[in-house]
Amino acid sequence: MTVVSINFEVTAALVMLFAAGLAMSSGPIIAYAHALVAFVSVSSVAVLLSLILGPDAIGHVALILSSLLLVLSLVLHHSRGIVFRVRNLAFLGLFGLVVSVSQVVARQFGLSSVAFTDGHTIIQMAEAFQAGSYEPLGGVKALKRGFALPAMQSLGLNGEYVVGLMPLFFLAAILATGWIVWVLTGNRKTAVAITAILVPILLTTEALARHTFLMNTHSIAWLITAVLLGYAARAAKEGLSRADSIGVLISFTAVGFLRFDYLLLFAGFTFFFILVNARSRPVFALSTVFVQVIATLGWTSTVVIDFPFFGPLGAFIVPLVAMVGGGVLVWIIRRYGNDLMTQKAYPLFVTAGGAAVLVIVLTNTSASLKSLGINLFFGEGLWGFTVVFVILVTGASYFRPRVLDKAIARQLAGIGALTVVLYLFSKYGDGATSGSSLPGFSRVGFGDSLNRTLVTWVPFLVLPLIRLLGLWGSKGTVKVSASGLNKREKPIPQG
């Protein structure tokens, strides 16, 4: 008979992080998303400290950090009393139940998905962290497997990883994608309608549904993309509140802990938040880079050997160059930029275009595009008819009246284009460090990294869906009401 066990340390840590999210935002959807995103960093810091304190301290440190974040959010945020309202206490209980049920169901039915060598490596790293016998990985392999996911999985019960964790991220990613619609429309029914359209697609498309249990960071990247896209839309519309700014920094900190190449994958978002904040909020603009640099330095300088770039000091040089680059960009925008520039999308598209030229020149583009086409349209990538549906929806939306302010729509589209191109450029770095003179960025099969990473851009699908269905309000100028999913405080002006 199978013994049904619940990991109470992980459950308690997540519940406290959810409560902290409620104190910060008062909305259960975004609080759930932030609880999972914050858990990425909490687990990572816990593992780094356990290297000093001993492996038995991992779970205890995670609990302590979670409780400290909860206390900090209650003390600093003006809406701290919201957490203790009956409605939100009910949400706390529901969240705890969801976390527990995910563990019980996964364990009872033996649900899991490792699938690839990187998944096996992640589990091996988690077991080593848990046992205190970790031997650093070397070279590109260490950077590709990342740090945060094995750190989270090391919080599993003795001798196992955290059962049922990945479905929690998958669900959070879906809800956060629906939250973007709420941010853009201020209409709960619209958010529910779009989510209801997406859920059947996500669950019936094998290339997407596999991420429910897949032992990899793709669903986490999808979640962070959704959260950052929602905040980008809010920044473009009305400016970021203090709580929004904290949410952005929480997300970027998680990016730094996840994988080295995610610094490039999310660089489009980093560039956007620097662009719109450099003149009015330079400290915040620099902080979006700083938190990623500190998180990256924390693990690359500790658990990675034979750093593949710039020799032994590469683990320090690359993040510090990123920090200096961010500082220079902020200075240039403040010195030579203007408010009109920060409201336009051309800096995003020009940068994406330049990166695209590099990708075409440096990679085997024709062969890669052929492989990508086979994956998307001929079944090898397990996409079925979903990509055709996306193309039809996007094309049909252009025959509908514009319902979103053109500048905002172009900025969000520019972020999407830049993230895609920069990710493709990171694949060039992958191949080049492996000795290939003309590396590709795609190969045939679901196991191809690009094919699996495509789930990251699911949140951008809400834009043509909203336009196609004509569900926007007042040309995107609807303000978010105080009684909605995410109660708003006065935003900090932009530009």
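Right, let's walk through the structure included here. Each residue is numbered by its place in its chain's sequence as written, counting from 1. Per-residue local features are limited, in this predicted model, to residues with pLDDT of at least 70; the limit for side-chain atom pairs, both in listing and counting, is 80 or more; totals at the level of whole chains, interfaces and linings are taken over all residues. In computing side-chain values, all of the structure's heavy atoms are included and hydrogens and water are not.

### Describing unusual backbone geometry
A positive phi angle is found at leucine 382, which is not glycine, with a value near 65°. Mapped onto the elements of the fold, leucine 382 is located in the loop between helix H19 (365–377) and helix H20 (386–397). Exposure remark for leucine 382: the relative accessible area of 22% places this residue in the partly exposed category. By the criteria applied, helices consist of DSSP H or I runs no shorter than four residues and strands consist of E runs no shorter than two, each listed in order from the N terminus. Categorising residues by exposure relies on relative accessible area from a 1.4 Å probe, with only protein chains included: less than 20% of the type maximum marks a residue as buried, more than 50% marks it as exposed, and the intermediate range marks it as partly exposed.

### Examining a nonpolar patch on the surface
Judged by side-chain polarity, Leu94, Leu97, Val101, Val105, Phe109 and Leu111 come together as a nonpolar surface patch covering roughly 540 Å² of accessible area. One can find valine 105 in helix H4 (residues 86–108). In this structure valine 105 comes out as partly exposed when scored by relative accessible area, which is 34%. What goes into a patch is any residue over 30% in relative accessible area without a salt bridge, connected to like charges within 9 Å or, for nonpolar side chains (Val, Leu, Ile, Met, Phe, Trp, Tyr), within 5 Å. Methods summary: accessible areas were calculated by the Shrake-Rupley approach with a probe of 1.4 Å, and residue burial reflects only the protein chains presented. Within this document, salt bridges are pairs made up of a side-chain nitrogen of Lys or Arg and a carboxyl oxygen of Asp or Glu, the two lying within 4 Å of each other.

### Section: the packing of helix H15 (residues 282–303) against helix H16 (residues 314–336)
A fitted line through C-alpha atoms serves as each axis, taken over the contacting stretch for helices, and the angle formed by two N-to-C directions is quoted from 0 to 180°. Closest axis-to-axis distance for the H15/H16 pair is 9 Å, and the angle between their directions is 175°. The orientation of H15 with respect to H16, classified from their angle, is roughly antiparallel. In this structure, H15 uses Pro282, Ala285, Leu286, Val289, Phe290, Val293, Thr296, Leu297, Thr300 and Ser301 to contact H16, whose residues at the interface are Ala315, Phe316, Pro319, Leu320, Ala322, Met323, Gly326, Gly327, Val330 and Arg334. Only Asp, Glu, Lys and Arg are considered charged in this grouping, and only Ala, Val, Leu, Ile, Met, Phe, Trp, Tyr, Cys and Pro are considered nonpolar; every other residue, Gly among them, is considered polar. Here the contact of H15 with H16 is composed, by residue class, of 14 nonpolar, five polar and one charged. Every angle not falling under 35 degrees, over 145, or within 65 to 115 is termed oblique; those three ranges are roughly parallel, roughly antiparallel and roughly perpendicular. Note on definitions: a residue-residue contact is assigned when non-hydrogen atoms from the two residues lie within 4.5 Å.

### Details of the pattern of salt bridges
Following the criterion strictly, the structure yields six salt bridges and no others. Close ionic contact of glutamate 206 with arginine 210 constitutes a salt bridge, the shortest N to O distance being 3.0 Å. By relative accessible area, glutamate 206 is classed as partly exposed at 39%. With a relative accessible area of 34%, arginine 210 lands in the partly exposed category.

### With respect to a positive patch on the surface
We treat Lys and Arg as the positive residues and Asp and Glu as the negative residues; His and chain ends play no part in the count. Charged side chains are reduced to one point each, which is NZ for Lys, CZ for Arg, CG for Asp and CD for Glu. A cluster of basic side chains, namely Lys344, Arg402, Lys406 and Arg410, defines a positive patch on the protein surface. When its relative accessible area of 38% is taken as the criterion, lysine 344 is described as partly exposed.

### A short note on the packing of aromatic side chains
Two rings belonging to Phe, Tyr or Trp (six-membered ring only in the last case) form a pair when the distance between their centres is within 6.5 Å. Interplanar angles under 30 degrees mark stacking, angles over 60 mark edge-to-face geometry, and anything in between is tilted. Applying the stated criterion across every chain yields a total of 14 aromatic pairs. Measuring from ring centre to ring centre gives 5.5 Å for phenylalanine 129 and phenylalanine 147, while their planes differ by 75°; the resulting arrangement is edge-to-face. In this pair, phenylalanine 129 sits in helix H5 (residues 117–131) while phenylalanine 147 sits in the loop between helix H6 (139–145) and helix H7 (148–153), placing the two residues 18 residues apart along the sequence. Classification of phenylalanine 129 by relative accessible area gives buried; the value is 3%. On the basis of relative accessibility, which here comes to 0%, the residue phenylalanine 147 falls in the buried class. Consider the rings of phenylalanine 147 and tryptophan 299, whose centres lie 6.0 Å apart with planes at 10°: the pair is stacked. You can see phenylalanine 147 sitting in the loop between H6 and H7 and its partner tryptophan 299 sitting in helix H15, a full 152 residues away along the chain. Judged by its relative accessible area of 0%, tryptophan 299 falls in the buried class. One aromatic cluster is present, formed by Phe129, Tyr134, Phe147 and Trp299 through successive ring pairs.

### Let's talk about the packing of helix H8 (residues 165–185) against helix H11 (residues 218–237)
Between H8 and H11, the shortest axis-to-axis distance is 8 Å and the interhelical angle comes to 15°. The angle between H8 and H11 falls in the class roughly parallel. In the crossing of H8 with H11, the sense of the turn from one axis to the other is left-handed. Across the interface between the two elements, Met166, Phe169, Phe170, Ala172, Ala173, Ile174, Ala176, Thr177, Trp179, Ile180, Val183 and Leu184 of H8 pack against Ser219, Ile220, Trp222, Leu223, Ala226, Val227, Leu229, Gly230, Tyr231, Ala233, Arg234 and Lys237 of H11. Class assignment for the residues of the contact of H8 with H11 results in 19 nonpolar, three polar and two charged. The sense of a crossing depends on the near helix, which, turned anticlockwise from the far helix by less than a right angle, makes the crossing left-handed and, turned clockwise, makes it right-handed.

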